[in-house]
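Spelled out, the chains give:
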Amino acid sequence: MKYFRVKIGYGKDDFISVDETELPTAIRAQITGKVGVFREGTVSGNHIQAILPDLQRAAGFHRDYQLTGEDYEELRDTDKDHKLFLGETKDRVTAQIAGKESPTLPSKELLV
């Protein structure tokens with residue numbers, strides 16, 4: 001499972017953690033400025049500052065754990081995989097909003 005942080009503030013804990021199934025909703029909310037409804041709560045899309053890979057959760061660390069250089073080295077492949085998935089999902093959602101693609105969930109190949 002891939003996890004992402006939806007940044008909604010400047011503090012260390014000002015984010016909502018979403019999984020790959022909620023990622024399209026987060027991207028759509030950020031682009032359109034509408035409210036996104038997630039398992040951890042709701043957030044107005046115009047308050048979303050960034051959507052980033054949540055490597056702490058993917059590695060099983062606590063929410064407030066600060067990754068070290070050694071952690072990043074171990075999670076390098078995970079980070080690349082998460083960023084690739086994020087980019088593909090963003091492109092798909094952007095095309096859906098523009099009306100160039102039918103609204104469908106990511107294909108099963110992307111969810112593996």
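The coordinates are above.
Worth saying up front: this structure is predicted, and the values here are computed from it rather than measured.

Caption draft 1: Looking closely at the nonpolar core. Formed by 15 residues in total, the largest nonpolar core has its most connected members in Phe-4, Val-6, Leu-23 and Ile-51. For this core, the secondary-structure elements that each account for two or more residues are β1 (3-7), β2 (15-19), α1 (23-32) and α4 (76-98). Among the elements that make up this core, the one with the highest residue count is α1 (four residues). In this structure, Val-6 is in contact with Asp-14, Phe-15, Ile-16, Val-18, Ala-26, Ile-48, Ala-50 and Ile-51, ignoring residues within four places of it in sequence.

Caption draft 2: Quick peek at the sheet that holds strand β5 (residues 50-53). Read across the sheet, three strands follow the order β2-β1-β5 without closing on themselves; strand pairing throughout is antiparallel. Taken across any chain shown, the strands that pair with only one partner, and hence form the sheet edges, are β2 and β5. Shown here is a sheet whose adjacent strand axes are inclined to one another by a mean of 30 degrees, direction ignored. Looking at chain direction, β1 and β5 are connected through four bridges and run antiparallel. Within β5, the position partnered with Arg-5 by the bridge is Leu-52. Packed on one face of the sheet, α1 meets β1, β2 and β5 and runs near 155 degrees to β5.

What counts and what doesn't
Residues numbered from 1 in each chain as written. Predicted model: local features only at pLDDT ≥ 70, side-chain atom pairs only at ≥ 80, totals over all residues. Heavy atoms only, no water. Core = buried A, V, L, I, M, F, W, Y, C linked by side-chain atoms within 4.5 Å. Buried < 20%, exposed > 50% of the residue type's maximum accessible area, 1.4 Å probe, protein only. Helix = DSSP H or I, 4+ residues; strand = E, 2+ residues; numbered from the N terminus. Contact = heavy atoms within 4.5 Å. Pairing = 2+ DSSP bridges. Axes fitted to C-alpha atoms, helices over the stretch in contact; angles between N-to-C directions.

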